[in-house]
Amino acid sequence: MAIDTQTTITGPHTAAPQVDRLTGRAKLVLFVLCAAQFMVALDFSVLNVALPALGKDLGLSRSALQWAVTAFALPSGGFLLLFGRIADLFGRKKLFLTGLALFGTASLLATLAWDPASFLTGRALQGLGAAVIVPTGMSLLTTTFPEGPLRDKALGISGTLLSLGFTIGMVLGGIMTDTLGWRSTMGLLVAFAVIVLVLAPGLLPESRTPERPRLDVPGAVTVTGGLLAVIYALSTAAQRGFGGADVWGTLLAGLALLVAFVIVESKASAPLVSLPMLKRRTVAWGNLGGLVTFSMMSAVVFVLTLYLQETLGLSSFETGLVFGVQGVASAVAGAYAARFIGRFGARRVLVGSLLGQGVFIAALLGLGTESGALLATVAVSLASMCHLGAIISYGVTVTSGVPNEEQGLATGLVTTTQQVGLTVGIPLLGVLATTQASLFDGVRTVLAIDAVIVVAAAALIGLGLRKRA
């Protein structure tokens, strides 16, 4: 379905006009969908600075605090593809509302938590709700707004709010924890869920595939198990390093399950993931761009936080201001990204954005042990502008040309890439900064490797997406 500028709901067989102006109703629909995505992004970061206070209140040891993050990341990354496909088959709106209700209830449980078990249960259920909300919200967006200027604009706004949610959460979490206590960070998510849940039923159109093939259970088991195992292994490695046998055992088991998933999908009559779709150049290379931009930028934010506080001695509030500037820069980039995509094309913007991200990350190698806050603020803000351009353009690249009945599948891949990228960046690179004798040397090592990976990916994706004669 598509919403045109005359607020008409267009049926699946009606040609939607190629317009570039959002009507009042379309703006409300976009607000609801973006508010849900913003809420999930906020949840990724709003609790981070509250972890010490939370641990002291609930009796969680420092080593156990990682589970406040991991308990959310495991289900939110592991079940994305499964719920994206279920939504295609049984109704995106219905599942979206169910996810909102689950997320709000889980946030309330986390707010009222009386011991570690109740809190971690709430976090795990939040992650499960997020795994429902993210792919269904994205597929509702791409099926509601027709391909072209309207969809590009909608994805631009959504991508901007996604980036802002992560950044604002870091600043807001510190302020709320200091003034209202750590429970207020979870209570904020309850309020968001309630508002969206009240508005969504009357605004969102229902959409699903016209046919209902059988759900690919073997594919669902292998991909979900594989993602859960890989995310668990990398999350554990971020805390303890890669030396443990359990880390490597879980990681290898996860990779084996993902290989089994590919084999299962090649033989399934109604596969969870269409392998021909993965063979599309735009889907494969676009998702690689998304994985690189999310994972590498999350690692930069992590090591810069350590550098600003532990090397330069900035307070949490001052560090938050640095990332606040980064958030403003991202918002500016989001406001113009759709225009650049319309003018130059999503593929060129993706490659150019990745290249810019890598160059500005490399500029951070000029940081010193005595000064560097200004350089850090400017360089990370410019890198984030390019990062935002990459986020939006990879989403447009992957979903363009995909029929409506497979949009849940395509957006499931987009959002899985996003969640996995956010999860693996810190374990893969952040551990290099925290395990070296000198934190400053570790930060520089991470930044150098990060920049090389992003620039190399830009070059590869540029070649991969090059138009063939």
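Our subject is the structure listed above.
The shown structure was predicted, so the numbers you read here are calculated from the model rather than taken from an experiment.

Reading guide: rules and limits
Residues numbered from 1 in each chain as written. Predicted model: local features only at pLDDT ≥ 70, side-chain atom pairs only at ≥ 80, totals over all residues. Heavy atoms only, no water. Helix = DSSP H or I, 4+ residues; strand = E, 2+ residues; numbered from the N terminus. Expected span 1.5 Å × (residues − 1). Buried < 20%, exposed > 50% of the residue type's maximum accessible area, 1.4 Å probe, protein only. Axes fitted to C-alpha atoms, helices over the stretch in contact; angles between N-to-C directions. Parallel < 35°, antiparallel > 145°, perpendicular 65-115°, else oblique. Left-handed = near helix turned anticlockwise from the far one by under 90°. Contact = heavy atoms within 4.5 Å. Nonpolar A, V, L, I, M, F, W, Y, C, P; charged D, E, K, R; others polar. Patch = residues over 30% accessible without salt bridge, like charges linked within 9 Å, V, L, I, M, F, W, Y side chains within 5 Å. Areas by Shrake-Rupley, 256 points an atom, 1.4 Å probe, with all protein chains shown as cover. Salt bridge = Lys/Arg side-chain N within 4 Å of Asp/Glu carboxyl O. Core = buried A, V, L, I, M, F, W, Y, C linked by side-chain atoms within 4.5 Å.

With that settled, consider helix 6 (residues 116-144). The terminal C-alpha atoms of helix 6, which comprises 29 residues, lie 41 Å apart, in line with the 42 Å expected from a rise of 1.5 Å per residue. Burial analysis of helix 6 places 22 of its 29 residues in the buried class, the great majority of the element.

Put simply, helix 5 (residues 92-111) and helix 8 (residues 183-203) touch, their axes get as near as 8 Å, and they point 155° apart. By the angle class used here, helix 5 and helix 8 are roughly antiparallel. Classified by chirality, the crossing of helix 8 by helix 5 is left-handed. Two secondary-structure elements touch here, helix 5 through Lys 93, Phe 96, Leu 97, Leu 100, Ala 101, Phe 103, Gly 104, Ser 107, Leu 108, Ala 110 and Thr 111 and helix 8 through Arg 183, Met 186, Gly 187, Leu 189, Val 190, Ala 193, Val 196, Leu 197, Ala 200 and Pro 201. Tallied by class, residues from the contact of helix 5 with helix 8 come to 15 nonpolar, four polar and two charged.

Now for the environment of Val 230. Tracing the chain through its elements places Val 230 in helix 9 (residues 217-240). Accessibility expressed as a relative area gives 14% for Val 230, which makes it buried. On a C-alpha basis, the gap between Val 230 and Ala 253 in space is 8.0 Å, while along the polypeptide they are 23 residues apart. The contacts of Val 230, once residues within four sequence positions are left out, are Leu 251, Gly 254, Leu 255 and Leu 258.

Quick look at the packing of helix 12 (residues 281-311) against helix 14 (residues 346-363) now. At a minimum axis separation of 11 Å, helix 12 and helix 14 run at an interaxial angle of 25°. The angle between the axes of helix 12 and helix 14 places the two elements in the roughly parallel class. When the axes of helix 12 and helix 14 are compared, the crossing they make is left-handed. Between helix 12 and helix 14, the contacting residues are Arg 281, Thr 282, Gly 286, Gly 289, Val 292, Thr 293, Met 296, Met 297 and Val 300 on the first element and Arg 347, Leu 350, Leu 354, Gln 357 and Ile 361 on the second. Grouping the constituent residues of the contact of helix 12 with helix 14 by class yields seven nonpolar, five polar and two charged.

As a further point, take a nonpolar patch on the surface. A grouping of Phe 31, Val 194, Ile 195, Val 198 and Leu 199 is seen on the molecular surface, where their side chains present a nonpolar patch of about 470 Å² in accessible area. Ranked by residue count, the leading element in the nonpolar patch is helix 8, at four residues. Its location among the elements puts Val 198 in helix 8. Here Val 198 falls in the exposed class, since its relative accessible area comes to 62%.

Among the structural elements, Thr 417 can be located in helix 16 (residues 407-435). Measuring from C-alpha to C-alpha, the distance between Thr 417 and Ser 295 comes to 9.4 Å, with 122 residues separating the pair along the chain.

This part is about the nonpolar core. Phe 96, Phe 119 and Leu 304 are the most contacted members of the largest nonpolar core, which totals 115 residues. Not counting chain neighbours up to four residues away, the residues in contact with Phe 96 comprise Leu 33, Ala 36, Ile 133, Thr 136, Gly 137, Leu 140, Ala 200 and Leu 204. Residues Leu 82, Ile 86, Ala 87 and Ala 131 belong to the second largest nonpolar core, which totals eight residues.

In short, shape yes, function no, at least from these values alone.
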